[in-house]
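A structural walkthrough
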Amino acid sequence: MTASTSNRQIARVALDIPAHQLFDYRADDASAADIGARVEVPFRNKRAAAVIVELASASDAASLKSIGRVFRDSPRLSEETLSLTRFCASYYHHPIGQVVMLALPPLMRRSFPALSKPAGYSLTAAGRALSVSAINPRQLVKRRVLAQFQAKDWIPSEELLAISRRARTVVQELLDASLIQASDPPAVAATDAQPPKLNAEQWQAVEQIQRGGAGFQPWLLQGVTGSGKTEVYLALIADVLKRGDQALILVPEINLTPQLVARITGRFVSVPFAVLHSAMSPADRLRNWVLAQRGAARIVIGTRLAVFTPMPSLSLIVVDEEHDSSYKQQDALRYSARDLAVYRAKARRCPIILGSATPSLESYNQARRKSYGWAHLTRRAMNALLPEVSLVDLTREHATDGISPTVARALAQRLQEREQSLVFINRRGFAPVLWCGNCGRTEHCQRCSANLVLHARTRVLRCHHCGHSRTIPAACETCGMPEMLPLGRGTERIEQALFAHFAGARILRIDRDTTKRRGSWDKMLQSIKSGEADILVGTQIVAKGHDFPGLTLVVVADADQALHASDFRASEKLFAQLMQVAGRAGRASAPGTVIIQTRFPQHPLFAALRTHDYSAFADAQLEERRRARFPPFVYQALLRAEAHERAVVFAFLDRAARHARALSNGGVDVYDPVPGTMSRVAGKERGQLLVQCSSRPTLHVFLERWLQELRAAKSSRTRWSLDVDPTEF
Ligand code: ADP
Ligand code: ZN
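This write-up is about the structure you can find in this document. Quantities reported herein were computed from a predicted structural model and do not represent experimental measurements.

1. Details of the overall build of the protein
- When helices and strands are tallied, the protein shows 22 helices and 30 strands.
- A globule of 729 residues ought to have a C-alpha radius of gyration of about 27 Å, and the protein, at 29 Å, matches this closely.
- C-alpha atoms of the protein, sized along the principal axes, occupy 80 × 70 × 55 Å.
- The burial tally for the protein puts 53% of its 729 residues in the buried class.
- Accessible surface for the protein amounts to roughly 32,800 Å². Of this, 50% is attributable to carbon and sulfur atoms.
- The protein carries 95 positive and 68 negative side-chain charges, and their two centres are separated by 4 Å.

2. Digging into the pattern of salt bridges
- Scanning the model with the defined rule gives 49 salt bridges in all.
- Across the pair Arg 457 and Glu 495 runs a salt bridge whose closest N-O atoms are separated by 3.3 Å. Here Arg 457 is found in the loop between β18 (453-455) and β19 (460-462), whereas its partner Glu 495 is found in helix α14 (residues 491-501), with 38 residues between them in sequence.
- Take Arg 457: its relative accessible area is 54%, and that puts it in the exposed class.
- The exposure class assigned to Glu 495 is buried, which follows from its relative accessible area of 6%.

3. Observations regarding the coordination of the zinc ion (ligand 2)
- For the zinc ion (ligand 2), the full set of protein donor atoms is Cys 445 (SG), Cys 448 (SG), Cys 463 (SG) and Cys 466 (SG), and the range of their distances to it is 2.3 Å.
- Coordination geometry of the zinc ion (ligand 2): the four donor atoms subtend angles of 107 to 113 degrees at the metal centre, consistent with an arrangement described as tetrahedral.
- Residue class for Cys 445 comes out buried when judged on its relative accessible area of 2%.

4. Examining unusual backbone geometry
- A cis amide bond, omega 5 degrees, links Pro 631 with the succeeding residue Pro 632.
- Backbone geometry places Glu 321, a non-glycine residue, at a positive phi of 50 degrees.
- Structurally, Glu 321 can be placed in the loop between β12 (314-320) and α11 (337-348).
- You can call Glu 321 buried: its relative accessible area is 12%.

5. Things to note about the site of ligand 1
- Surrounding ligand 1, one finds 16 residues, the nearest of these being Lys 197, Gln 202, Lys 229, Thr 230 and Arg 263.
- Separating an oxygen atom of ligand 1 from a backbone N or O atom of Gly 228 is a distance of 3.0 Å.
- At 2.8 Å, a backbone N or O of Lys 229 approaches an oxygen atom of ligand 1.
- About the coverage of ligand 1: the protein hides 78% of its 560 Å² of free accessible area.
- Looking at the shell around ligand 1, the element that brings in the most residues is helix α8 (residues 229-242), giving three residues.
- Of the residues belonging to the shell around ligand 1, the class tally is five nonpolar, six polar and five charged.

6. Some points on the sheet that holds β18
- An order of β18-β19-β20 is seen for the three strands of this open sheet, with the pairing classed as antiparallel. Every interior strand has two partners, whereas the edge strands, β18 and β20 (469-471), have only one. Looking at each pair of strands side by side, their axes are set apart by 30 degrees on average, direction ignored.
- Pairing between β19 and β20: three bridges, direction antiparallel. Residue Leu 461 lies in a different strand from β20, and its bridge partner there is Arg 470.

7. Regarding the environment of Met 484
- Looking at where Met 484 falls in the secondary structure, it is placed in the loop between β20 and β21 (485-487).
- Met 484 sits in the buried class, given a relative accessible area of 8%.
- With sequence-adjacent residues up to four places away left out, Met 484 is seen in contact with Leu 434, Trp 435, Cys 436, Arg 441, Glu 443, Pro 473 and Cys 476.

8. Some thoughts on the nonpolar core
- If you look at the biggest cluster of nonpolar residues, it comprises 76 residues, and the most contacted ones within it are Ile 317, Tyr 335, Leu 639, Val 691, Phe 702, Leu 703 and Trp 706.
- Considering each element in turn, this core owes the most residues, nine residues, to helix α21 (residues 646-664).
- Those residues in contact with Phe 702, other than ones at most four positions away along the chain, are Ala 660, Leu 663, Ser 664, Val 668 and Val 691.
- In this structure, Phe 424, Leu 536, Ile 541 and Ala 582 belong to the second largest nonpolar core, which totals 39 residues.

9. Section: the sheet that holds strand β5 (residues 120-123)
- Spatially, β6-β5-β7 is the arrangement adopted by the three strands of the open sheet, whose pairing is antiparallel. Because the sheet does not close on itself, it has two edges, and the strands there are β6 (154-156) and β7 (180-183). Strand after strand, the sheet turns through a mean of 30 degrees between neighbouring axes, direction not considered.
- Here β5 runs beside β7; their pairing, made up of four bridges, is antiparallel. Following the sheet pairing, Tyr 121 is matched in β7 by Ala 182.

10. Things to note about the packing of α21 against helix α22 (residues 696-712)
- Contact geometry for α21 and α22: axes closest at 10 Å, N-to-C directions at 140 degrees. Comparing the axis directions of α21 and α22 gives the class oblique. Relative to α22, the crossing made by α21 is right-handed. Within the contact between the two elements, α21 uses Phe 652, Ala 656, His 659, Ala 660, Leu 663 and Ser 664 and α22 uses Phe 702, Arg 705, Trp 706, Glu 709 and Leu 710.
- When grouped by side-chain class, the residues that make up the contact of α21 with α22 number seven nonpolar, two polar and two charged.

Reading guide: rules and limits
Residues numbered from 1 in each chain as written. Chains lettered and ligands numbered in written order. Predicted model: local features only at pLDDT ≥ 70, side-chain atom pairs only at ≥ 80, totals over all residues. Heavy atoms only, no water. Helix = DSSP H or I, 4+ residues; strand = E, 2+ residues; numbered from the N terminus. Rg over C-alpha atoms; globule rule 2.2 N^0.38 Å. Buried < 20%, exposed > 50% of the residue type's maximum accessible area, 1.4 Å probe, protein only. Areas by Shrake-Rupley, 256 points an atom, 1.4 Å probe, with all protein chains shown as cover. Lys, Arg positive; Asp, Glu negative; His and termini not counted. Charge placed at Lys NZ, Arg CZ, Asp CG, Glu CD. Salt bridge = Lys/Arg side-chain N within 4 Å of Asp/Glu carboxyl O. Donors = N, O, S within 2.8 Å, 3.2 Å for Na, K, Ca; no water. Tetrahedral: all angles 85-135°; square planar, octahedral: opposite > 155°, others 65-115°. Near = heavy atom within 4 Å. Polar contact = N/O pair within 3.5 Å; in protein donor to acceptor, adjacent residues only side chain to side chain. Nonpolar A, V, L, I, M, F, W, Y, C, P; charged D, E, K, R; others polar. Pairing = 2+ DSSP bridges. Axes fitted to C-alpha atoms, helices over the stretch in contact; angles between N-to-C directions. Contact = heavy atoms within 4.5 Å. Core = buried A, V, L, I, M, F, W, Y, C linked by side-chain atoms within 4.5 Å. Parallel < 35°, antiparallel > 145°, perpendicular 65-115°, else oblique. Left-handed = near helix turned anticlockwise from the far one by under 90°.

Keep in mind these values describe shape, not function.
This is how it looks when you write it as C-alpha cells:
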C-alpha cells in the first residue's frame, strides 16, 4: 500500500481499547516535545483520551482525522516509560493502548486536563517581602498562615489546611494575591537520622553492591527474616539521595507500605517521598505520581503498579519480598512487576536489588548461574537465634478441633508467661465443607466447581470464588436429615476452639473478613504491638513481613493441604509461606518456637525448614524442575478460555492446539487442553492449554504467530486470554 498521507505530521496514539495497534491522526502542530502527552481524539463518533506514543510523517490509513486538544499543561509520560509500556505490550502480547493507560494514574486516563492538588506551598518574592505585622490583626487565620512560613520555606498542603477551617479560603486569597505559590517539596539531600551501625554481614552486602557500580546489575539479596535486609536497602538508598537521585521501592502488599514508610521517613526525615498503590484516592494517587514524575519525590514506595512510575533521575530499584506472588497481576494484563522492574533497571542502566528470605526459584537460579549478583544475610540482626521448628505428627496425636495436646500445652505456657502466640491457618470461615452424614450431600456453589464455605459468625454459606452466599439450610435438602456437619476447619473454627480451651484469653482473629473495613488492619496491628492480644488466629495476612515484638510462638495448624497440591510450584510457595510465618516468632528479645501440625512429618520440606536452610531446599527443587522440564528451565505460556458450555471451550482449545502444533514444528511443546484448576467459575466453564519452550525468543516468535491466527479465527462464544510466565494454573 502506498502512503496516502505524507509529508505531514502524524501522531500515533494509544487508546484504551483492546486493539494491538496504535492509531494515526493528523497533528500538524505537534512536536517531539508532545511525545508522551495526553490528547483528546475523535474516535468512533466520540471523544476519547489518548497518549501520543510516536510521531510519523506518513500513514497507511486512507483518510486521517485530526487530533483534538493536546494537554500540554498536564504531565507527560517520559520516553523511558513509553518504551517500558511497549516492551510490556509485546512481551505479554497485550494491547498497547491498555498498557499505556495502566501506566497512568486513573485521573489521567480521561480526556480532561488532569490537575493535581498541590503538594505544598512556599512564599513568593512578594510574600517574603511582606511582614506579618502588616496584616490586619483581625485577620487571624491569615496571620497564622503567614507566620508558619517564617519557620519553614515549604509547608505541605495538609499541614496548612489543618490550621483552621478557614485556612482553605485564606490560602486561596494568598494565592490570588501572589503572596504564596503552589510548589513541590524542596529537595533535601541530607539523611537526618542516625542509622544503626550495620553488622558485618550487612556491611559486606552493602559494599558488595556498591562495588557493583552504578550501571545495570541485578542483585539477589537473600537474607533470613529479621536479618536486616531493610537496613541494607536504606544504606544504599542513602547513596542515591546523596547523589540527588531517585529510588523506587516495590512492596508486595498495600498492608506493608505503612511499615516501610515509617522506617524510611524515620531515617530520611525531610526527604520528599511518594507512596503509590491502588487503595489511595485518585486525587492522592495523581499528586504522588506527579511528584515522582517531576523528580520532586526522591523515594517512591509502591505496589506492583508503581513499576510504571516515571522517575527522571531513577538510579536504584528495590523489590522487597521478590518471591511474593502478588507481584504478578492475575487478570487483564498479567504482568510480573518484578520481571518488568528488572527490564526497567536494564534499560535505565541502574542496579536493582531483589530481596527475600525465600527467593523465587527463577531469581535463585539466576544468582546460581551468576547472571545476578548474590549477597547473603545468614543471621538475624537483633536476636542471633532463629526460631526452633518442631513437628507434631497428627497420625499419633489427636488434634481435637485442630489443636493437638502439644500445641495446647505450648499455648498455655505462653499465656502464663504473658507472651503472644499466633495460630496460622490459611483458610477463612468456619469450615470449608458442609456435609450430610446420612446421604453424603455437600453444599456447593451452583455457579462454581467449589464447595460453599460455612461462615458461622455471619451465619451464611459463601462461595469464595464468585461471592455468592446463601443461608445455612436447617436440614439436608436431599434426605431431610436435620443437621449437616461442618468438615475441616478455618480461622473461625480455630478461634472458637481456642475460646473453649483458654477462657479469658484475648483472642484476635485476623483474616480478610475481619480486616475488610479500611483501617481495621492498622488498628489490629496497633493492638497486637501494644500487647492487647494473647493469641492471634490468622491467614497469610499476618504471615507477611510484620514485626511483632511480643510474639514467641507460631503454630501452623495445617500444612498438609499444600503439601500434595498438583501445582509444581506448591512446595516452593508452601516453604516460603512457612518460613515467612516462622519468621514472625521471636524477633525481639525472646527466642521463638514454631510448631507445625502435619500427617507427613517425614516430608523432606520439613527437614530443610527445621534447619532454616532455604538454599538446600531450593537446590533440590531446582534439580527436580530441571529433570521434569519445568520453569525456570523452560518458559511457559498458558492459553485460558471460558464459555457457558464446556464443549465450546474445548472446541476452541482443540483448534488452538492444532494450530499450535502446526506452527511449532516440534520447537515448542504443546500440551493437551485440560479443564482449569477451577473448572467452573461464576457460571462459566474454564479450560486451558499450556505451551512451553526452552528458548524464550523461540517461544515469543511462536506466540506472536499463534495469536495472530487465534485473533483471526473469530470465536464470539469463547473468551480467551494468554498468560505469559503463568504462576497460577
Ligand atoms: P528484614 O527486612 O531482613 O526482615 P529488618 O531490616 O526489618 O529485617 O530488621 C529486623 C530488625 O532488626 C529491625 O527491627 C531492625 O531495626 C533491626 N536491625 C537491623 N539491622 C540492624 C543493625 N545493624 N543494628 C541494629 N538493629 C538492626
Ligand atoms: Zn461460586
